[in-house]
Amino acid sequence: MSVFNQSRSKVIRIIFLVAFIFIIAQLFYLQIIDGRHRQLAAMDNAVFAKVDYPERGIIFDRKGRAILNNTIIYDLMVTPSEIKGIDTLDFCQLMGITIEEFIQRVNDARFKNGPVRPSIFKGLLTKDIQARFEENSWKYPGFNLVERPLRTYPFNAAAHILGYIREADARDIERSGNFYKQGDYIGKTGLESYYEDVLMGQRGVQYMIKDNKNRLVGHYENGSFDTASIAGRGLKTSIDIELQQLAEKLMSNKVGGLVAIDPKTGGILAMVSGPNYDPNDLTGPDGSKNYSKLVLDVTGPMLNRAIGGRYEPGSTFKPLGALVALDEGVITPSYGYPCGGRYTLCGHGKPACTHSGGGHAANVRLSIANSCNAYYAHVYRLAVDNPKYRNVKLGYLKWKEYMNAFGLGVKLGLDLPNENKGNIPDTSVYNKENNGRWTSCTNLTLGIGQDKMLTTPLQMANAMCIVANRGYYFTPHFVDKIDGETDDDSTLLNKFRKRHNVFTQISDTAYTAVIEGMNDVVKFGTARVAQIPGIDVCAKTGTAENYTILDGRRIKLPNNSMFVCFAPKENPKIAIAVFVQNAGFGSTWAGPISRILLEKYINDTLMKKSEADLERISKANLMPAYFKRVQYKEDSIRAYKWFKTTKDSAYIKKYLRAMNSPVKEVPGRMPIPMKKVTETAIIIPVEKYFRKPVVQKVS
């Protein structure tokens with residue numbers, strides 16, 4: 001062997017010897033000198049790592065009232081490797097589950113979190129089950145209780161605003177880079193989701209000693225290994241919980257959305273989506289069951305229509321159309337149009353008006369007060385055909401810029417997830433539909449808030465803030481302050497504190513004409529229902545036709561009822577938009593709802609007339625009747641899919657009976673119009689399981 005190879009061999013031997021000595025020294029230190037680790041290794045089966053879940057931050061309304069709080073409930077945890085010699089049948093009877101469910105849950109825990117780490121076996125125990133388990137816990141090694149802060153809603157209100165929390169699923173854990181663990185809860189919707197990083201807090205761990213009967217008897221090493229949880233921080237919001245409760249009462253048994261905003265700050269005072277639900281239904285032991293019911297409800301109680309519902313604004317749009325034309329200089333406040341009852345300059349006599357003659361559109365103020373369709377169809381055409389833009393397409397793009405600046409067709413960026421931007425169509429839509437050849441007559445009903453224009457209640461409430469403020473707004477939001485605000489928090493909130501001067505260049509003369517016109521709507525026009533003694537209210541009613549497709553047929557529904565307003569006229573304190581689906585004229589339902597909310601917020605009391613209207617409106621059921629048919633079809637399809645998978649016919653029996661019963665009119669305000677011979681049936685292809693249905697005509 002060469003000298004070189006001998007030297008290298010010695011070096012390698014020395015390296016291995018040093019490494020071996022180092023390992024032996026470490027083992028000697030851990031096992032002989034450091035008694036804590038020696039003890040921990042010896043007591044591995046006798047020490048339970050109890051996760052200390054922090055309290056989530058509390059959410060307060062504008063007056064400091066806690067509208068989302070915490071209480072304590074317990075999760076039952078399982079460590080699969082520690083389950084030894086338990087009476088499985090006895091345990092299952094205690095928990096109210098089957099042996100098959102027991103096996104499945106233990107296997108799921110073993111697969112998801114490993115055999116030696118605690119996982120949730122049954123979350124959010126009822127007090128009865130919790131008490132019975134505590135009495136018998138010594139019988140069930142491998143199972144332990146862990147405290148869980150539970151969300152409570154003291155006012156039973158603001159479900160769509162506050163949102164809900166649920167256990168983090170696999171996608172949540174993956175998206176967080178494994179920051180969240182199985183058993184952690186995460187905000188799924190509403191403020192709970194948007195401000196998750198603020199509200200969540202930081203979990204801790206307590207190492208507890210177990211005795212030979214599986215009972216926790218104290219902290220290991222006097223808690224020297226424990227880490228304390230840190231509670232989440234609170235949120236101070238702009239919500240007026242009394243106004244919120246009142247708004248929810250008014251919108252009960254109705255479909256639509258409602259938003260009330262403080263124009264001076266952009267703080268949202270109330271937001272309601274109908275149909276609604278009690279937020280407490282999604283907490284506690286029955287939370288998952290109630291969630292499933294809500295998800296399967298075709299009326300969409302979990303959809304926040306205030307920010308996600310898309311509606312033609314109809315005549316509520318006209319004040320905005322007037323401001324665009326005034327700013328463009330194509331009309332002046334004194335501009336009039338000789339409307340004879342319909343618009344004839346595009347050759348088809350549409351749109352029609354409810355007024356005719358008598359100078360009802362002699363100027364901007366009168367055109368708003370009388371809601372002249374012909375006037376605003378023409379004003380739209382003047383704006384997009386403005387000669388300085390050379391052609392209608394460029395003129396339309398400029399008009400679309402105005403709409404986006406008003407907050408239509410774009411997301412406003414409030415502090416809730418899942419906001420819808422509505423729709424202000426691009427020129428490409430009309431180019432595609434008309435082979436690139438179209439004029440201002442093609443889409444003139446945009447001037448009266450129709451055609452392809454779709455807005456959300458939030459967008460229209462914000463647009464009213466712009467009018468009320470004569471050209472500026474703050475991004476609508478709920479949270480004004482965060483407890484212990486940091487620089488990161490300030491970055492999060494600063495966008496809600498920035499004033500947007502989108503139309504401050506429009507003259508006071510133009511704003512005065514529009515605002516006085518809206519005030520006249522209340523004094524003399526279609527919104528007289530919104531009059532409040534001593535308060536100058538500015539408002540605009542709106543009505544839009546509504547259709548749906550049911551059983552393959554296009555059906556006309558009752559019109560949508562819409563209302564936008566702000567008050568007082570001078571120094572406005574509140575702006576409101578109310579949309580009620582299939583409810584008729586804007587002044588019938590949406591108008592009185594708005595007046596009651598204005599009156600409550602400004603005067604902090606209600607007149608006898610308003611109290612009577614509150615009682616009448618809150619008891620009125622305006623739910624569209626066609627939902628019953630849609631629900632029936634959806635339920636029957638699910639029942640058939642279940643039958644097809646399991647061969648269990650229990651769920652489809654009632655549909656079999658219904659197929660052999662005479663067809664009846666769907667109860668409610670609006671019967672489903674059917675002129676042809678129709679079958680009441682679910683569409684199920686396996687004919688051998690069904691008799692031929694009885695077919696009858698619907699009268």
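Since the structure is predicted, the reported quantities are computational estimates derived from the model, not experimental observations.

Focus: helix α11 (residues 287-296)
1) Next: By the burial criterion, the buried members of α11 are Gly-287, Asn-290 and Leu-294. Within α11, the buried residues cover an arc of 70° as seen down the axis, which keeps them to one side.
2) Next: Along its buried surface, α11 packs onto β6 (165-167).

Here we look at the packing of helix α15 (residues 373-384) against helix α16 (residues 392-405)
1) Next: Where α15 meets α16, the closest approach of the two axes is 7 Å, and the angle between their N-to-C directions is 110°. It follows that α15 is roughly perpendicular to α16 by the angle criterion. For the pair formed by α15 and α16, the contact residues are Tyr-380, Ala-383 and Val-384 on the first element and Val-392, Gly-395, Tyr-396 and Trp-399 on the second.

What about the sheet that holds strand β16 (residues 538-550)?
1) Next: One open sheet accounts for five strands, arranged β12-β11-β18-β17-β16; its pairing is antiparallel. Sheet topology places β12 (268-274) and β16 at the edges, where each strand pairs with a single neighbour. For this sheet, the mean inter-axis angle between neighbouring strands, taken without regard to orientation, is 10°.
2) Next: Strands in contact with helix α10 (residues 241-250) are β11 (256-261), β12 and β18 (574-580); relative to β12, the strand with the most contacts, it is inclined by about 25°.

A word on unusual backbone geometry
1) Next: Of the consecutive residues Gly-274 and Pro-275, the connecting peptide bond is found in the cis state with omega at 0°.
2) Next: That bond from Ala-567 to Pro-568 is cis: its omega, -15°, falls within 30 degrees of zero.
3) Next: With respect to the helices and strands, the residue Pro-568 is situated in the loop between β17 (553-567) and β18.
4) Next: Of note in this structure, Asn-435 is not a glycine but carries a positive phi near 55°.
5) Next: Relative to the helices and strands, Asn-435 is located in the loop between α17 (427-433) and α18 (457-468).

Quick look at the packing of aromatic side chains
By convention here, two paired aromatic rings are described through the distance between centres and the angle between planes.
1) Next: What the rule picks out here adds up to 28 aromatic pairs.
2) Next: Geometrically, the ring pair formed by Tyr-220 and Phe-225 is stacked, given 5.6 Å between the ring centres and 25° between the ring planes.
3) Next: Of the residues examined, Tyr-220 reaches a relative accessible area of 1% and is grouped as buried.
4) Next: One aromatic cluster in this structure is built from Phe-91, Phe-102, Phe-121, Phe-133, Tyr-140 and Phe-143.
5) Next: Across from the ring centre of Tyr-547, 3.7 Å away, lies the NZ or CZ of Arg-554, which sits over that ring.

Remarks on the pattern of salt bridges
1) Next: The tally for this structure, following the rule as stated, stands at 28 salt bridges.
2) Next: With a closest N to O distance of 2.5 Å, Asp-520 and Arg-365 form a salt bridge. Residue Asp-520 is located in helix α20 (residues 508-523), and its partner Arg-365 is located in helix α14 (residues 364-369); the two are separated by 155 residues in the primary sequence.
3) Next: Under the relative-accessibility criterion, Asp-520 is labelled buried at 7%.
4) Next: Judged by its relative accessible area of 36%, Arg-365 falls in the partly exposed class.
5) Next: Close ionic contact of Arg-638 with Asp-635 constitutes a salt bridge, the shortest N to O distance being 2.6 Å. Note that Arg-638 and Asp-635 are positioned in helix α23 (residues 626-646) at a spacing of three residues, about one turn of the helix.
6) Next: Classification of Arg-638 as partly exposed rests on a relative accessible area of 30%.
7) Next: What makes Asp-635 partly exposed here is its relative accessible area of 24%.
8) Next: One network of salt bridges, with partners in common, ties together Asp-61, Arg-65, Glu-242, Lys-600 and Asp-604.

Examining the side chain of Asp-61
1) Next: Within the secondary structure layout, Asp-61 lies in the loop between β2 (59-60) and β3 (66-78).
2) Next: On the basis of relative accessible area, Asp-61 is assigned to the buried category, the value being 0%.
3) Next: A polar contact of 2.7 Å, which involves the side chain of Asp-61, links it to the side chain of Arg-65.
4) Next: At 3.4 Å, the side chain of Asp-61 and the backbone nitrogen of Ile-241 are in polar contact.

Observations regarding the environment of Trp-399
1) Next: Looking at the secondary structure, you find Trp-399 in helix α16.
2) Next: If we skip the residues at most four places from it in the chain, Trp-399 touches Phe-317, Val-324, Tyr-380, Ala-383, Val-384, Ile-424, Leu-446 and Met-453.

Overview of the nonpolar core
1) Next: Membership of the largest hydrophobic core comes to 139 residues, with the highest contact counts inside it found for Tyr-195, Met-271, Val-364, Trp-399 and Val-537.
2) Next: At nine residues, the largest contribution of residues to this core is made by α18.
3) Next: No fewer than three residues from each of domain 2 (51-235) and domain 3 (307-393 + 454-619) sit in this core.

Thresholds applied
Residues numbered from 1 in each chain as written. Predicted model: local features only at pLDDT ≥ 70, side-chain atom pairs only at ≥ 80, totals over all residues. Heavy atoms only, no water. Buried < 20%, exposed > 50% of the residue type's maximum accessible area, 1.4 Å probe, protein only. Helix = DSSP H or I, 4+ residues; strand = E, 2+ residues; numbered from the N terminus. Arc of directions from axis to C-beta. Contact = heavy atoms within 4.5 Å. Axes fitted to C-alpha atoms, helices over the stretch in contact; angles between N-to-C directions. Parallel < 35°, antiparallel > 145°, perpendicular 65-115°, else oblique. Pairing = 2+ DSSP bridges. Phe/Tyr/Trp six-rings, centres within 6.5 Å; stacked < 30°, edge-to-face > 60°. Lys NZ or Arg CZ within 6 Å of the ring centre and 35° of its normal. Salt bridge = Lys/Arg side-chain N within 4 Å of Asp/Glu carboxyl O. Polar contact = N/O pair within 3.5 Å; in protein donor to acceptor, adjacent residues only side chain to side chain. Core = buried A, V, L, I, M, F, W, Y, C linked by side-chain atoms within 4.5 Å. Domains from an automatic or database assignment.

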